[in-house]
Amino acid sequence: MTLPSSADALALLAQTGEHGGQHASLNPYLIGGIGLGMLLLLLWVTTRFNRDR
């Protein structure tokens, strides 16, 4: 498969998607907030166990 034919195939694939590939019930702000909260929790747990400093 050559580069121009690959680009044409990808452009056709991108045009045929009707909803953008995201599920209607997934809120990006909620998912991002949950991810941030989990990372902050992991940071807090890591700093609690690192008492030798």
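Residues numbered from 1 in each chain as written. Predicted model: local features only at pLDDT ≥ 70, side-chain atom pairs only at ≥ 80, totals over all residues. Heavy atoms only, no water.

Chemist: Even after reading the chapter, I still don't get the overall build of the protein, so can you show me in this structure?
Modeler: Per the secondary structure count, the protein includes 2 helices and 0 strands. Surface accessibility of the protein: about 5300 Å² in total, with carbon and sulfur atoms responsible for 68%. (Helix = DSSP H or I, 4+ residues; strand = E, 2+ residues; numbered from the N terminus. Areas by Shrake-Rupley, 256 points an atom, 1.4 Å probe, with all protein chains shown as cover.)

Chemist: Sorry if this is basic, but what is going on with helix α2 (residues 28-49) here?
Modeler: Helical geometry: 3.6 residues make up each α-helical turn, so side chains three or four residues apart lie on a common side. Between its first and last C-alpha, α2 extends 32 Å over 22 residues, near the 32 Å set by a 1.5 Å rise per residue. The opening residue of α2, the one whose side-chain oxygen lies 3.2 Å from the backbone nitrogen of Tyr29, is Asn27. (Expected span 1.5 Å × (residues − 1). Polar contact = N/O pair within 3.5 Å; in protein donor to acceptor, adjacent residues only side chain to side chain.)

Chemist: What should I look at first to understand a nonpolar patch on the surface in this one?
Modeler: Where nonpolar side chains cluster on the molecular surface, the patch consists of Leu41, Trp44, Val45 and Phe49 and spans about 470 Å² of accessible area. Mapping Leu41 onto the fold places it in helix α2. Given the relative accessible area of 52%, Leu41 is considered exposed. (Patch = residues over 30% accessible without salt bridge, like charges linked within 9 Å, V, L, I, M, F, W, Y side chains within 5 Å. Salt bridge = Lys/Arg side-chain N within 4 Å of Asp/Glu carboxyl O. Buried < 20%, exposed > 50% of the residue type's maximum accessible area, 1.4 Å probe, protein only.)

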